[in-house]
Amino acid sequence: RFMQIEDGFFYFQESIKLDSDILDYYHNYLFYFNYKSNLNFNNYLELAKKFETKYLEINKFEKYDTNLKIQKKIKLGFVSYDFRDHVIMYQIFDVLKELHKNSEFILYGYYNNAVDDNVTKEVKKYFHFWLNISEMSDSESTNRIRNDEINILFNNKLLYK
């Protein structure tokens, strides 16, 4: 088994050499470092920095000015890939229902998945604003969330696709 994991690292390295613009190669390579028995933390950080550099090179983000305004209601944003029939949804569904009842909050749902099942249809009812961001780029979805002036953002899934 150990040799199979080590072989996998070789293939991740070769994939990045073939096309360094595919972010999934970096993302998966970094994830699989968790399984490396003799982890060299410096190598991990070096790869993470390359990923960050490539990510920022590919994704263009608008300059963000933290313009904190006093508002009557607090805007809560939720980004998730799991607003569907999924264990995460069952863990937070009651929380969303309770937050929706509180008149001090405005709930924004940013759904990062194309699946639209019965659970998705039900959870949409508890958001004041709902947007499927699954077809947006990272920079588009980030800029949209910034433009909505969310006060507190909960993100159980990275925007990165």
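A brief look at the structure comes next. Fair warning: this is a prediction, and the values are worked out from it, not measured in the lab.

## Focus: a nonpolar patch on the surface
Part 1: Taken together, the side chains of I5, F31, Y32 and Y35 make up a nonpolar region of the molecular surface, amounting to roughly 380 Å² of accessible area.
Part 2: With respect to the element layout, Y35 can be found in the loop between helix 2 (23-32) and helix 3 (41-58).

## Notes on the pairing of strand 2 (residues 105-111)
Part 1: Most of strand 2 sits inside the fold, with seven of its seven residues counted as buried.
Part 2: Alternating positions in strand 2 separate into two faces, F105, L107, G109 and Y111 on one and I106, Y108 and Y110 on the other, with burial throughout.
Part 3: Examined bridge by bridge, strand 1 (residues 74-80) and strand 2 share seven bridges and lie parallel to one another. Its bridge partner being in strand 2, L76 is matched across the sheet by L107.
Part 4: At this point the chain moves from strand 1, through helix 4 (residues 87-101), to the parallel strand 2, and the crossover so formed is right-handed.
Part 5: Relative to strand 3 (residues 129-132), strand 2 runs parallel, the two sharing four bridges. The residue bridging Y108 from the neighbouring strand is F129, located in strand 3.
Part 6: You can see the chain leave strand 2, run along helix 5 (residues 118-124) and come back into strand 3, and the turn it takes is right-handed.

Each value, and the rule that gives it
Every residue gets a number counted from 1 within its own chain, in the order that chain's sequence is written. Given that this is a predicted model, residues contribute local features only at a pLDDT of at least 70 and side-chain atom pairs are listed and counted only at 80 or more, while totals for whole chains, interfaces and linings are drawn from all residues. Excluding hydrogens and water, the side-chain figures rest on all heavy atoms present in the structure. Patch membership is restricted to residues that have no salt bridge and whose relative accessible area is over 30%. Joining uses 9 Å for like charges and 5 Å for the nonpolar side chains Val, Leu, Ile, Met, Phe, Trp and Tyr. A 1.4 Å probe and the Shrake-Rupley method give the accessible areas. Residues count as covered only by the protein chains that appear here. What makes a salt bridge here is a side-chain nitrogen of Lys or Arg within 4 Å of a carboxyl oxygen of Asp or Glu, nothing more. By definition, any uninterrupted DSSP run of H or I lasting at least four residues is a helix, any uninterrupted run of E lasting at least two residues is a strand, and each is numbered from the N terminus. Only protein chains enter the accessibility calculation, which uses a 1.4 Å probe; a residue is then buried when its area is under 20% of its type maximum, exposed when over 50%, and partly exposed in between. Strand pairing follows a simple DSSP-based rule, namely that at least 2 bridges must link the two strands. Handedness of a crossover: with both strands directed away from the viewer, a clockwise path from the first strand across the helix to the second marks it as right-handed.

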